[in-house]
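The primary structure of each chain is shown beneath.
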Amino acid sequence: MAKKIYVAGHRGMVGGAILRKLDERRAAGEDLTLITRTSAELDLTNQQAVQSFMAAEQPDEVILAAARVGGIIANNSYPAQFIYENLMIECNVIHAAYQAGVSKLLQLGSSCIYPKLADQPMREDALLTGTLEPTNEPYAIAKIAGIKLCESYNRQYGVDYRSVMPTNLYGPGDNFHPENSHVLPALIRRFHEATQNDTEVVTIWGSGNPMREFLHVDDMAEASLFVLDLDDETYQRETEPMLSHINVGSGTDVTIRELAEIVAEVTGFKGQLAFDASKPDGAPRKLMDVSRLGRLGWTATVPLKDGVRETYNWFLEQGLEGLRSK
């Protein structure tokens, strides 16, 4: 009998990449039935709708990649929506999965769960040891709650619900909105437009000195399925019952200046870069400690420049009018 896997959030960047990887497995001969629903077909903030869906579909495994996400402006502008919608999605999907007898679930979180001043690189045991970054605290609180939901259901009900925490992700399916996107897709769009308009100077917020880590979404998809497929003995050897989440990252970081130089090269921008040091830099460094995942046997494979080039090609294929604006 085919294994039934429900991918929540399959139209998002990460969920879409996971679905592509599962499709590849199915094409290679694995007996899989993949279940998806759009947000119009299933409102994950509606408890009754989610319970009815899970009861009817009876999936064997659930991958929870659905979330309300956005950059710093969106997080700062809509804090109530970010905490409410993410809490409701997690609570509804995780509880309904348990009610429907789903024994295996993977929940995707975010590196923003860690304290603003966490030691670098950030280890899993830094969770709940300090104050969060104020601009995305509501989103971070929701993601921490998701981890603790999984761990609590494991403790009380004996299920196997796991969590992975990605670093900054990018790749095909990203959001290139000029206001609501994250730094890498925002730079791709800005440098593309500057190239098209023969702009001589592109000015970037901050000093260019902060360091950030980036992971291609295909690597994240591979890591997610790797963690989901780990046997219990191996997984439990590297985790603790109430400290069970696993960081996923590339293990390397670059300065914002270096990132901008890569994007400029990939997009063919020939002008000058300027940095507005009067604008905020944010945290000086945000790097994930990925040694736990490395000991389990997985490391990232997509080099940053190659990933940026692929992402830019995808951006060009979509056309500006086809980009997501929400």
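Our subject is the structure that appears above.
The structure presented is a predicted model; accordingly, all values stated were derived computationally and were not measured.

### Here we look at the layout of surface pockets
Working step 1: Space inside the second largest pocket adds up to approximately 230 Å³.
Working step 2: Mapped by element, the contributors of at least two residues to the lining of the second largest pocket are α5 (137-157) and α8 (232-238).
Working step 3: Looking at side-chain class alone, the lining of the second largest pocket contains three nonpolar, four polar and five charged residues.

### Let's talk about the environment of His-95
Working step 1: Within the fold, His-95 resides in helix α4 (residues 79-99).
Working step 2: Setting aside residues up to four positions removed in sequence, His-95 forms contacts with Gln-51, Glu-90 and Tyr-153.

### Section: empty space enclosed by the protein
Working step 1: Evaluated as defined, the whole model comprises one cavity of 30 Å³ or more.
Working step 2: Counted as a void, the largest cavity has a volume near 30 Å³.
Working step 3: Every residue along the wall of the largest cavity is listed here: Ser-111, Met-122, Thr-167, Asn-168, Glu-213, Lys-286, Leu-287 and Met-288.
Working step 4: Within the lining of the largest cavity, the residues separate by chemical class into three nonpolar, three polar and two charged.

### Examining the pairing of strand β7 (residues 201-205)
Working step 1: Only one face of β7 is covered, namely the face carrying Val-202 and Ile-204; the face carrying Val-201, Thr-203 and Trp-205 is uncovered.
Working step 2: Pairing of β7 with strand β12 (residues 272-276) involves five bridges; the strand directions are parallel. For Val-202, the partnering residue across the bridge sits in β12 and is Leu-273.

### Section: the sheet that holds strand β13 (residues 285-286)
Working step 1: Spatially, the three strands line up as an open sheet ordered β11-β8-β13, and their pairing is mixed. Here the strands that pair on one side only, and so sit at the sheet edges, are β11 (254-255) and β13.
Working step 2: The pairing of strand β8 (residues 211-212) with β13 spans two bridges and is parallel. If you follow Met-211 over to β13, its bridge partner there is Arg-285.

### Comments concerning the packing of helix α6 (residues 183-196) against helix α9 (residues 256-267)
Working step 1: At a closest axis distance of 9 Å, the pairing of α6 and α9 adopts a crossing angle of 45 degrees. Considered as vectors, α6 and α9 are oriented oblique to each other. Judged by the sense of rotation from one axis to the other, the crossing of α6 with α9 is right-handed. Contact with α6, carried on its side by Val-183, Leu-184, Leu-187, Ile-188, Phe-191, His-192 and Thr-195, involves Ile-256, Leu-259, Ala-260, Val-263, Ala-264 and Thr-267 of α9 and no other residues of that element.
Working step 2: Among the residues making up the contact of α6 with α9, the classes are represented as 10 nonpolar, three polar and no charged.

### Quick look at the pattern of salt bridges
Working step 1: Scanning the entire structure with this criterion turns up 19 salt bridges.
Working step 2: Salt-bridge contacts for Asp-125 lead to Arg-123; the nearest nitrogen and oxygen are separated by 2.5 Å.
Working step 3: The partly exposed category is assigned to Arg-123, whose relative accessible area is 46%.
Working step 4: A salt bridge links Glu-151 to Lys-148; its shortest N-O distance comes to 2.9 Å. Of the two residues, Glu-151 and Lys-148 are both situated in helix α5; the distance of three residues between them amounts to about one turn of the helix.
Working step 5: Classification of Glu-151 by relative accessible area gives buried; the value is 0%.
Working step 6: Because the salt bridges share partners, they merge into one network encompassing Lys-4, Arg-37 and Glu-57.

### Some thoughts on the packing of aromatic side chains
Working step 1: With the rule as written, the count across this model stands at nine aromatic pairs.
Working step 2: Ring centres of Tyr-98 and Tyr-157 lie 3.9 Å apart, and the angle between their planes is 20 degrees; this geometry places the pair in the stacked category. Taken together, the residues Tyr-98 in helix α4 and Tyr-157 in helix α5 connect sequence positions 59 residues apart.
Working step 3: Relative accessible area serves as the criterion here: at 28%, Tyr-98 is assigned to the partly exposed category.
Working step 4: Classification of Tyr-157 by relative accessible area gives partly exposed; the value is 32%.
Working step 5: Ring geometry for Tyr-312 and Phe-315: centres 6.0 Å apart, planes at 20 degrees, overall stacked.

Conventions adopted
Residues numbered from 1 in each chain as written. Predicted model: local features only at pLDDT ≥ 70, side-chain atom pairs only at ≥ 80, totals over all residues. Heavy atoms only, no water. 1 Å grid on protein atoms, 1.4 Å probe; cavity = no way out; pocket = protein on both sides within 12 Å on 5 of 7 lines; lining within 4 Å. Points joined across faces, edges and corners; volume = space filled by probe spheres on them. Helix = DSSP H or I, 4+ residues; strand = E, 2+ residues; numbered from the N terminus. Nonpolar A, V, L, I, M, F, W, Y, C, P; charged D, E, K, R; others polar. Contact = heavy atoms within 4.5 Å. Buried < 20%, exposed > 50% of the residue type's maximum accessible area, 1.4 Å probe, protein only. Pairing = 2+ DSSP bridges. Axes fitted to C-alpha atoms, helices over the stretch in contact; angles between N-to-C directions. Parallel < 35°, antiparallel > 145°, perpendicular 65-115°, else oblique. Left-handed = near helix turned anticlockwise from the far one by under 90°. Salt bridge = Lys/Arg side-chain N within 4 Å of Asp/Glu carboxyl O. Phe/Tyr/Trp six-rings, centres within 6.5 Å; stacked < 30°, edge-to-face > 60°.

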